[in-house]
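Residues per chain are reported as follows:
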Amino acid sequence: MASVQLELPIAAIRQPDHPAGKLSIQERFEAFHQLNPWILRHLEALTADCVERGLTRIGIGMLFEVLRWQYGIATQGEPWKLNNDFRSRYVRLLLELHPEWSSLFETRKIHTV
């Protein structure tokens, strides 16, 4: 099986213009996701690769770190940031798009909105 080779965008992650302290995590995530839809596509590709390799449990933390690493070696200059606050939101998006992956990820109740 071939490993996933992501076609990463040349530009860095785009951050919303509004101050983070004024918005909920969900609002910040939605603004971030709207500016960076490619992140979800790459998380999907990494998850699909894990499924193809026969993994039965994976964590979004691992996928975030792989994405950070792959982007880090593909670019130069300032490192970009992928906010860990958004992990649970990305898992829920992945499961919404791919309910067949529900056994791969453990999710917990979201306490903050």
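Residue positions are given per chain, counting from 1 as you read along its sequence in written order. In keeping with the model being predicted, local features are shown solely for residues with a pLDDT of at least 70 and side-chain atom pairs are shown and tallied solely at 80 or more, while totals for entire chains, interfaces and linings include all residues. The side-chain values count all of the structure's non-hydrogen atoms but skip hydrogen atoms and water molecules.

**Q** What am I meant to see in the confidence of the model for the protein chain here?
**A** When pLDDT drops low, the exact placement of atoms in the prediction is not to be read closely. When pLDDT is averaged across the protein chain, the result is 82; 73% of the residues are at 70 or more. Confidence of the predictor in every single residue is expressed as pLDDT, which spans 0 to 100. Here a strand is any run of E in DSSP of at least two residues, a helix any run of H or I of at least four, and the numbering for each starts at the N terminus. Looking over the protein chain, one finds the lowest element-wise mean pLDDT in helix α3 (residues 60–74), namely 87, and the highest in helix α4 (residues 87–97), namely 96.

**Q** Would you mind showing me how to read helix α2 (residues 38–52) here?
**A** Owing to its 3.6 residues per turn, the α-helix brings residues three or four apart onto one side. The terminal C-alpha atoms of α2 lie 21 Å apart, and with 15 residues this matches the ideal 21 Å at 1.5 Å per residue to within 8%. Regarding α2, the residues found buried are W38, I39, L40, H42, L43, L46, T47, D49 and C50. Two residues or fewer past α2, G54 is found with a positive phi of approximately 90°. Here the expected span of a helix is defined as 1.5 Å times the quantity of residues minus one. Partly exposed residues are those whose accessible area sits between 20% and 50% of the maximum for their type, while under 20% is buried and over 50% is exposed, using a 1.4 Å probe and protein chains only.

**Q** How should the nonpolar core be read in this particular structure?
**A** If you look at soluble globular proteins, the nonpolar side chains tend to sit buried side by side. Ranked by size, the top nonpolar core spans 25 residues in total, and within it I39, L43, I60, L63, Y90 and F105 carry the most contacts. With six residues, α2 is the single largest residue contributor to this core. Here, nonpolar core refers to any group of buried Ala, Val, Leu, Ile, Met, Phe, Trp, Tyr and Cys residues whose side-chain atoms link them within 4.5 Å.

**Q** What is the right way to look at the environment of E30 in this model?
**A** Locating E30 in the fold gives a position in helix α1 (residues 25–35). The spacing of E30 and F86 is 56 residues in sequence and 9.4 Å in space, taken between C-alpha atoms.

**Q** Explain the environment of L95 to me, please; I cannot follow it from the model alone.
**A** Inspection of the secondary structure puts L95 in helix α4. Assessed through its relative accessible area of 18%, L95 is described here as buried. Taking the C-alpha atoms as reference points, L95 and E44, 51 residues apart in sequence, are found 9.9 Å from one another. Once you skip the residues sitting within four places of it in the chain, L95 turns out to touch W101, S102, F105 and T107. When checking whether two residues touch, look at their non-hydrogen atoms; a contact exists if any pair is within 4.5 Å.

**Q** Whenever I open this one, the packing of α2 against α4 confuses me. Can you help?
**A** For any two helices packed against each other, the geometry is given by the interaxial angle and the distance between the axes. Lines fitted to the C-alpha atoms define the axes, with helices restricted to the stretch that makes contact. Angles between their N-to-C directions range from 0 to 180 degrees. Where α2 meets α4, the closest approach of the two axes is 10 Å, and the angle between their N-to-C directions is 70°. The angle between α2 and α4 places the two elements in the roughly perpendicular class. Note on packing geometry: the crossing formed by α2 with α4 is right-handed. Note on element contacts: α4 touches α2 through Y90, L93, L94 and L97, opposite I39, L40, L43, E44 and T47. Its residues assigned to classes, the contact of α2 with α4 comprises seven nonpolar, one polar and one charged. Roughly parallel refers to an angle under 35 degrees, roughly antiparallel to one over 145, roughly perpendicular to one between 65 and 115, and oblique to any angle outside these ranges. Left-handed describes a crossing whose near helix is turned anticlockwise from the far helix through less than a right angle; right-handed describes the clockwise counterpart. Three classes are used, and their members are as follows: Ala, Val, Leu, Ile, Met, Phe, Trp, Tyr, Cys and Pro are nonpolar, Asp, Glu, Lys and Arg are charged, and the others, Gly among them, are polar.

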